[in-house]
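Chain by chain, the residues:
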Amino acid sequence: MEIVVFGAGSLGSLVGGLCAREHHVTLVGRDPHIQAVRDSGLHVGGAFDFTVRPAARTDPPPSADLALVTVKAFDTDDAARALVDCDLDAVCSLQNGLGNEERLATRLDGVLAGTCTYGARLVEPGRVECTGIGEIALGAPDGGRSACAERVGRALRRAGVETTVADDMPRRLWKKLAVNAGINPTTALARVENGALADEPLHGIAGDAARETARVAREQGVDLGDDEAVAALDAVVEATAANTSSMLQDVRAGRRTEIDAINGAVVDRADAPVPVNRTLAGLVRAWEAGDQ
Ligand code: KPL
């Protein structure tokens with residue numbers, strides 16, 4: 001299969017590197033990472049230890065069977081615009097937050113929703129580290145079975161990527177949102193690794209954000225219980241205890257965060273007040289406006 005990974009940051013490079021063991025992969029990203037991959041290939045370390053030689057470019061190729069979209073949520077519209085001239089059979093979002101698939105589908109056909117729990121860190125240009133083996137779940141954005149998702153799932157599994165083809169993607173996206181709404185802003189504001197959320201007072205704050213998110217999911221007709229959301233949060237905190245959340249990485253690097261697509265999305269969709277998500281979003285946005 002011809003796979004283009006649009007957004008070759010840490011996660012995109014890891015998934016692209018894993019896929020390149022079996023498929024023809026093109027990484028689309030920015031220099032100096034892309035230049036390093038062109039010069040010396042992509043080394044995948046951490047839980048793996050191999051080097052692959054995917055194609056690497058700063059703009060999409062003219063065609064591919066599948067595009068894996070791994071850009072930050074706020075770059076989704078740009079990704080859709082950039083991919084419009086690429087002849088594609090399927091597009092799968094592996095991004096944080098809600099609403100990415102709808103945005104891609106305004107310009108692209110064959111859009112699938114996806115979640116990815118692999119941990120990844122870009123160590124230096126041309127080198128990515130797998131900090132935790134997780135899985136990709138993908139399927140139709142509105143739920144239900146999808147022949148396209150089955151095809152993509154088979155291709156990812158052939159490459160040794162742990163993959164579930166799911167018929168309940170809305171529920172999975174909300175569950176992941178609950179986890180991100182708890183972990184990302186709390187770790188970013190407190191400047192701690194994920195594992196620090198196992199203890200009070202941060203555990204309580206992250207748990208309340210996850211519970212509020214589950215309540216908003218239910219308001220939207222998605223069956224996600226408070227206890228299930230908090231259990232998912234606790235499991236990710238434990239599994240990724242030594243990891244730096246993507247939002248803390250963004251804050252440390254002085255970059256824009258995904259707060260709008262995470263806690264902002266919870267606030268925007270809520271029928272009743274969500275004070276914890278509103279407060280966390282407000283604090284992170286205040287940091288973005290002031291300190292960046
Ligand atoms: O997805 C993540 C992120 O950092 O964005 C979690 C699950 C919180 C792992 O760090």
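If you're wondering where the values come from, they're calculated on a predicted model, not measured in any experiment.

**What about the pairing of strand β10 (residues 127-132)?**
Note: strand β3 (residues 42-46) against β10, 4 bridges, orientation parallel. Directly across from G46, in β10, lies its bridge partner C130. As paired elements, strand β9 (residues 119-124) and β10 share 5 bridges and run antiparallel to each other. When the sheet's bridge partners are listed, E124 is paired in β10 with R127.

**Details of the UniProt feature "domain: Ketopantoate reductase N-terminal" (unreviewed entry) in the chain**
Those residues carrying the UniProt feature "domain: Ketopantoate reductase N-terminal" (unreviewed entry) are residues 3-142 in this numbering. With 23% helix and 40% strand, residues 3-142 has its two end C-alpha atoms placed 24 Å apart.

**Concerning the packing of aromatic side chains**
Scanning all chains against the criterion turns up 1 aromatic pair. Each ring, one from F48 and one from F50, has its centre 6.0 Å from the other, and the planes form 80°; the classification is edge-to-face. Residue class for F48 comes out buried when judged on its relative accessible area of 17%.

**Considerations on the pattern of salt bridges**
Working definition: two side chains of opposite charge can pair if their charged atoms are close together. Summed over the entire model, instances satisfying the criterion amount to 17 salt bridges. E22 serves as the salt-bridge partner of R158, at 3.7 Å between the closest nitrogen and oxygen. Here R158, found in helix α5 (residues 147-158), pairs with E22, found in the loop between α1 (10-19) and β2 (24-28); they are 136 residues apart in sequence, far enough to count as distant. Residue E22 is classed as partly exposed on the basis of its relative accessible area of 41%. Residue R218 pairs with D226 through a salt bridge whose shortest N-O separation is 2.9 Å. Residue class for R218 comes out partly exposed when judged on its relative accessible area of 36%. Sharing partners across several salt bridges, the network here consists of K72, D250 and R255.

Cut-offs applied
- Residues numbered from 1 in each chain as written.
- Predicted model: local features only at pLDDT ≥ 70, side-chain atom pairs only at ≥ 80, totals over all residues.
- Heavy atoms only, no water.
- Pairing = 2+ DSSP bridges.
- Helix = DSSP H or I, 4+ residues; strand = E, 2+ residues; numbered from the N terminus.
- UniProt positions renumbered as here; feature names shortened; annotations may be inferred.
- Phe/Tyr/Trp six-rings, centres within 6.5 Å; stacked < 30°, edge-to-face > 60°.
- Buried < 20%, exposed > 50% of the residue type's maximum accessible area, 1.4 Å probe, protein only.
- Salt bridge = Lys/Arg side-chain N within 4 Å of Asp/Glu carboxyl O.

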